[in-house]
Amino acid sequence: MAYYWYENDPELYKAEVLAMRKFFPSFQIGQLQDGSGRLYWRGKVQPLGEGGMVWDLMLIYKNNHPHAGQDEYGGSIQILPISPRLKDIAQKMMPLLEQTYGSYDACVKRGFGLGLPHIYRSNFGRNEEYFICTADPKYFKSGQSRSTSAASSLSWACKWIMLCEMWLNGEISDDVALEGNY
Amino acid sequence: MENNNDVVAARRRALAEALRQGDPVVVSPSGEVATREEMQDEGLTAIQVPDGKLA
């Protein structure tokens, strides 16, 4: 049995490519040059359209795709914004949040421990990076007949970006950014 | 006559309201998020964001 999901399951690989070609044709597939063998998609999106920011994103498959553990936020596909870099935005927001909530501990308790809603950190290459935490693991599909694809993960990410930009602009409250039923 | 800034602002208000209400949204090939009705009116291909809470 091969180590890489795309060798084990060529039909799933084809389905992933077809879905991305259909829904996000400007994204290009590649392989990380770090020896991990992991595949990724890279491209740009502008979730708020005119007046919104352009985001350069990488969607990186874990080698266990489409399987995701209970604690794997975002499932087996990691979404890393290359530009803007989440870590930079988060570090700018943290002092403002500390001012609002009174202390770093209070920010953590509220769900803003990293400076933005719904993100997580992980090592990527030599750096620690902040990733978009797209969907609660319980919504990530990884069964025999259905699995969450890069296309559906990217759609979740676009929704997250919309939420993030609106929150940064004060168009939605902290409550909606953190707790809304979206 | 409504200028373009008003149109953009109205659209953003509608999207913010969709977030508050938990209404379904779709995403176009350029990554633009829109309500389902908006995208149908424009006749574009779009993927519906799966149900589920952001984590």
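The structure displayed is predicted, hence computed values, not measured ones. Position labels on residues start from 1 in each chain and follow its written sequence. Lettering for chains starts from A, numbering for ligands starts from 1, and both go in the order in which the items are written. At least 70 in pLDDT is required for a residue's local features to be given in this predicted model, at least 80 for side-chain atom pairs to be given and counted, and no such filter applies to totals for whole chains, interfaces and linings, which use all residues.

A. Highlighting the overall build of chain A. Strands are runs of DSSP state E lasting at least 2 residues, helices are runs of H or I lasting at least 4, and numbering of each runs from the N terminus. Across its full length, chain A carries 6 helices and 6 strands. N-terminal to C-terminal, the α/β element order of chain A is α-α-β-β-β-β-α-α-β-β-α-α. Residue burial here comes from a neighbour count, namely the number of other C-beta atoms, placed from the backbone, that lie within 10 Å of the residue's own C-beta, with 20 or more meaning buried, 12 or fewer meaning exposed, and in between meaning partly exposed. The proportion of buried residues among the 182 residues of chain A is 38%. Taking contacts inside chain A between residues at least 6 apart in sequence as the whole, the part at least 24 apart equals 51%. Two residues qualify as being in contact provided that their C-beta atoms, derived from the backbone, are within 7 Å of each other.

B. Expanded view of the sheet that holds strand S2 (residues 33-35) of chain B. Strands pair, by our definition, only if DSSP identifies at least two bridges between them. Spatial ordering of the open sheet is given by S2-S1-S3 (chain B), a layout of 3 strands whose pairing is antiparallel. Since the sheet does not close on itself, it has two edges, and those belong to S2 and strand S3 (47-48) of chain B, each with one partner.

C. Broad picture of the pairing of strand S3 (residues 55-61) of chain A. Residues and elements named next belong to chain A. Among the 7 residues that make up S3, 5 are buried, leaving the element largely enclosed by the rest of the structure. Pairing analysis gives 6 bridges linking strand S2 (residues 39-45) to S3, with the strands arranged antiparallel. Paired with arginine 42 across the bridge in S3 is methionine 58. When S3 meets strand S4 (residues 77-83), the two strands line up antiparallel, connected through 6 bridges. When the sheet's bridge partners are listed, aspartate 56 is paired in S4 with serine 83.

D. Looking closely at the pairing of strand S6 (residues 127-132) of chain A. Residues and elements named next belong to chain A. Of the strand pairs in this sheet, strand S5 (residues 119-124) and S6 are connected by 6 bridges, and their pairing is antiparallel. Bridge pairing in S6 places phenylalanine 124 opposite asparagine 127. Turn length for the S5-S6 hairpin, with the two strands adjacent in sequence and antiparallel, is 2 residues, and the turn residue glycine 125 shows positive phi of about 65 degrees.

E. Up close: the environment of arginine 121 of chain A. All names here are of chain A. With respect to the helices, strands and loops of the structure, arginine 121 is situated in strand S5. Judged by the 15 C-beta atoms lying within 10 Å of it, arginine 121 falls in the partly exposed class. Residues arginine 121 and methionine 53, spaced 68 residues apart in sequence, show a C-alpha to C-alpha distance of 22 Å.

F. Expanded view of the nonpolar core. Counting residues in each nonpolar core, the largest one holds 50 residues, and the members touching the most others are Leu59, Ile79, Ile119, Ala157, Cys158, Met162 and Leu163 of chain A. Ranked by the residues each element gives to this core, the list is headed by helix H5 (residues 150-168) of chain A, at 13 residues. Among residues more than four places away in sequence, those in contact with cysteine 158 of chain A are Val45 and Pro47 of chain A together with Val27, Gly31 and Val33 of chain B. Connectivity within a nonpolar core runs through C-beta atoms within 7 Å, and the core itself is a set of buried Ala, Val, Leu, Ile, Met, Phe, Trp, Tyr and Cys residues.

G. Fine view of helix H1 (residues 4-21) of chain B. Expected helix span is taken as 1.5 Å per residue step, with the number of steps being one fewer than the number of residues. For H1 of chain B, which comprises 18 residues, the first-to-last C-alpha distance of 26 Å matches the rise-based estimate of 26 Å (1.5 Å per residue) to within 8%. Among the residues of H1 of chain B, Arg12, Leu15, Ala18 and Leu19 of chain B are the ones counted as buried. Buried residues of H1 of chain B fall within an arc of 115 degrees about the axis and therefore sit on the same side. Among the exposed residues of H1 of chain B, those oriented more than 90 degrees off its buried face are Asp6, Ala10, Arg13, Glu17 and Gln21 of chain B. Residues of H1 of chain B that are buried in the fold lie against H5 and helix H6 (174-179) of chain A together with strand S1 (25-27) and S2 of chain B. Starting at the helix axis, one direction is taken to each C-beta atom, and the arc is that of these directions.

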